[in-house]
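What follows is each chain in one-letter form.
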Amino acid sequence: MSFPDLSADILAAAPELRGRLLANQEMAGLTWFRVGGPAQVLFTPADEADLAYLLGKLPAEIPVTVVGLGSNLIVRDGGIPGVVIRLAGKAFGEIAREEGDRLRAGTAVPDVKVARAAADASLDGLAFYRGIPGCIGGALRMNAGAHGGETTDVLVEARGVTRAGEIVTFSHAQMGFTYRNSTAPTDMIFTSALFQGRPGDQAAILAEMDRVTSAREAAQPIKERTGGSTFKNPEGGKAWQLIDAAGCRGLRVGGAQVSEMHCNFLINTGGATAADIEGLGEEVRRRVKDNSGYELHWEIKRFGVAA
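Sequence positions are assigned chain by chain, starting from 1 and proceeding in written order. Two thresholds apply to this predicted model, a pLDDT of at least 70 for residue-level local features and 80 or more for giving and counting side-chain atom pairs, whereas whole-chain, interface and lining totals are computed over all residues. Just so you know, side-chain values use all the structure's heavy atoms and leave hydrogens and water out.

Regular strands place their side chains on alternate faces of the sheet. When a residue's accessible area, from a 1.4 Å probe over protein chains only, is under 20% of the maximum for its type it is buried; when over 50% it is exposed; and in between it is partly exposed. Under the scheme used here, helices are H or I runs from DSSP no shorter than 4 residues and strands are E runs no shorter than 2 residues, and both carry numbers assigned from the N terminus. Alternating positions in strand β12 (residues 167–171) separate cleanly, V168 and F170 being buried on one face and I167, T169 and S171 remaining unburied on the opposite face. Here strand β11 (residues 155–161) runs beside β12; their pairing, made up of five bridges, is antiparallel. Bridging from a neighbouring strand, V161 pairs with I167 of β12. Whether two strands pair comes down to DSSP finding at least two bridges between them. Taking the residues between adjacent antiparallel strands as the criterion, β11 and β12 are bridged by five residues, where G165 takes a positive phi near 95 degrees.

Below, the structure written as structure tokens:
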């Protein structure tokens, strides 16, 4: 399907935009699942000021959705109405060391690159990012963590732009981190983050990153079309164990399958639709609830409308 072209109206409201606007831009190629319909308008801002300018001019009734590397999301088959903002390029992709054993990173920076930059600077405490298949923007929104570390453990502050176009800085406390979530306003678009490391031995840090890499490769279907961990671990249980116990290992809906290697991963085996993947997830949730009484909650974000 396609949406009415909003790009001319947006340019009329914000004639000094410097970023790129694309109408009815396909999103499937921008997600790891490789499924989903188009964005009504896809906007790639030139920099933070350009992003703030657009948001300040954009009519409040036009919805805004932010995507990063596309690793932890499902775009539904009908596409995403309104403006989809994708942060990319040098303006949001740089990493710099700052005084006090700190690193500042743009929110388009892949998590793994933050781990590498910390290792290069002999800064300990950030190696866990090697095991997270996303970017810093998503890590802030979801309090991403792996292998014993979480974003809340290392974040000093985050900078971003409100839906009204105001540039603000959130302290660690204002982020309101909980397990795989943040209570920061949902319409906040983060643009950079400041992380606290600590002096460490570079060889030991690199060894820890190698351990994380090996563990991930051994346990997760990282070479498949997947969106990473699908469901949050419920209190008192592990999602993958509950899914396995409910008989869902290898379960299929259309072209979507529960991974045989790791039950908390869904896979596009080829030809899956977004509806297949989301439907499979919902069937897994139903079976786990019936089998154990646990209610699984999605960790993967789902955007857009059904076809």
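Picking up where we left off.
Before going further, it helps to examine unusual backbone geometry. Of note in the backbone geometry, N24 takes a positive phi value of approximately 45 degrees without being a glycine. Here N24 lies in strand β1 (residues 20–26). Positive phi outside glycine occurs at R180, with the angle close to 55 degrees. Residue position: R180 is located in the loop between β13 (177–178) and β14 (181–182).

Quick look at the pattern of salt bridges now. The salt bridge criterion pairs a side-chain nitrogen of Lys or Arg with a carboxyl oxygen of Asp or Glu, the two atoms within 4 Å. A complete count under the given rule lists 18 salt bridges for this structure. When the shortest N-O distance is used, the salt bridge between R180 and E299 registers 4.0 Å. Linking R180 in the loop between β13 and β14 with E299 in the loop between α9 (274–292) and β21 (301–303), this pair joins segments that are 119 residues apart in sequence. E208 is paired through a salt bridge with R211; the nearest N and O atoms lie 2.8 Å apart. One end of the pair is E208 and the other is R211, both in helix α7 (residues 202–219) and three residues apart, which spans about a single turn. Look at E208 and you get partly exposed, because its relative accessible area is 29%. Since its relative accessible area comes to 40%, R211 is described here as partly exposed. Beyond isolated ion pairs, a larger network of salt bridges with shared partners links R76, E278, E282, R285, E295 and R302.

This next bit is on α7. Every α-helix winds through 3.6 residues per turn, so residues three or four apart in the chain are directed the same way. Residue count minus one, scaled by 1.5 Å, sets the expected span of a helix. Over its 18 residues, α7 runs 26 Å from end to end, which matches the ideal 26 Å to within 8%, given 1.5 Å per residue. Of the positions making up α7, those classed as buried are I205, M209, V212, T213 and R216. Summarising the axial view, the buried residues of α7 lie within an arc of 100 degrees, below the 170-degree limit, and thus occupy one face. Relative to its buried face, α7 has exposed residues pointing more than 90 degrees away, namely A203, D210 and A218. Only heavy atoms enter the contact rule, under which two residues are in contact if any of them lie within 4.5 Å. Buried residues along α7 sit in contact with α3 (111–120) and β8 (123–124). Arc definition: it is the arc formed by the directions from the helix axis to the C-beta atoms.

Let us now look at α9. Here α9 contains 19 residues, and its C-alpha end-to-end distance of 27 Å stays within 8% of the 27 Å for a straight helix at 1.5 Å per residue. Buried within α9 we find A274, D276, I277, E278, L280, G281, E283, V284, R285 and V288. Those residues of α9 that are buried lie in contact with β4 (73–75), α8 (239–245), β18 (252–253), β19 (256–258), β20 (265–268) and β21.

Here we come to the nonpolar core. The nonpolar side chains of soluble globular proteins are, as a tendency, buried together. Remark: nonpolar core denotes a set of buried residues (Ala, Val, Leu, Ile, Met, Phe, Trp, Tyr, Cys) joined through side-chain atoms within 4.5 Å. Residues L126, Y129, I136, L140, L155, M175 and F195 are the most contacted members of the largest nonpolar core, which totals 34 residues. Of all the secondary structure elements, the ones that give two or more residues to this core are β7 (102–106), α3, α4 (136–142), β11, β12, β15 (189–196) and α7. Apart from the residues within four sequence positions on either side, Y129 is in contact with D111, V112, V114, A115, I136, A139, T151, V154 and F195. In terms of nonpolar packing, the next biggest core, distinct from the first, is built from 23 residues, V35, I74, C263 and A274 among them.

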